[in-house]
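Given next are the chains, with one letter for each unit.
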Amino acid sequence: MNQYDLNLILNPNISAEQVQIEKDYIEGAVRNAGGEVSNLDDLGNRRLAYQVGKDREGYYLMYTIKSSGNPEKDIASNLRLRDNVRRVLVVKDRPEWKTKKA
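Residues numbered from 1 in each chain as written. Predicted model: local features only at pLDDT ≥ 70, side-chain atom pairs only at ≥ 80, totals over all residues. Heavy atoms only, no water.

In the annotation of an unreviewed UniProt entry, the protein chain is listed under the name Small ribosomal subunit protein bS6 and assigned to Deinococcus gobiensis. The Function (unreviewed entry) comment attached to the protein chain in UniProt states, word for word, "Binds together with bS18 to 16S ribosomal RNA." Check the Sequence similarities (unreviewed entry) section of the UniProt entry for the protein chain; it says "Belongs to the bacterial ribosomal protein bS6 family." (UniProt positions renumbered as here; feature names shortened; annotations may be inferred.)

Structural notes on the packing of aromatic side chains
Evaluated as defined, the whole model comprises zero aromatic pairs. Positioned above the aromatic ring of Tyr25, the side-chain terminus of Arg82 is 3.9 Å from the ring centre. (Phe/Tyr/Trp six-rings, centres within 6.5 Å; stacked < 30°, edge-to-face > 60°. Lys NZ or Arg CZ within 6 Å of the ring centre and 35° of its normal.)

Focus on the sheet that holds strand S4 (residues 85-92)
Spatially, four strands are ordered S2-S3-S1-S4 in an open sheet, and the strand pairing comes out antiparallel. Strand pairing shows two members of the sheet lacking a second neighbour, strand S2 (36-52) and S4, which therefore form its edges. On average, adjacent strands in this sheet sit at an angle of 20° to one another, irrespective of strand direction. Strand direction decides the pairing type here: strand S1 (residues 2-10) and S4, joined by seven bridges, are antiparallel. The residue bridging Leu8 from the neighbouring strand is Val88, located in S4. Packing against the sheet, helix H2 (residues 71-79) makes contact with S1, strand S3 (55-67) and S4, and its axis sits at approximately 170° to S4. (Pairing = 2+ DSSP bridges. Helix = DSSP H or I, 4+ residues; strand = E, 2+ residues; numbered from the N terminus. Axes fitted to C-alpha atoms, helices over the stretch in contact; angles between N-to-C directions. Contact = heavy atoms within 4.5 Å.)

Here it is as structure tokens:
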């Protein structure tokens, strides 16, 4: 199983209950695709670099997942269909990116 970073930006105007529903749905989508969630960083509302739709802010969720197969096809394409999801990014975690270079 490979490790991936799954980054999502949600609608900034959703309530805490709706955020929890989205988190549950995301974790279910990862499990249904044969993966598992290792870590979740809930960063909350942050200012965006550029306007998405009419929003200048977004609710950030950053997952670390382990998955075999293609999470871009299996997970991200499914999440993009959600109404509250603004952006989805899946990046393969590469250990050489974390080493310091002399």
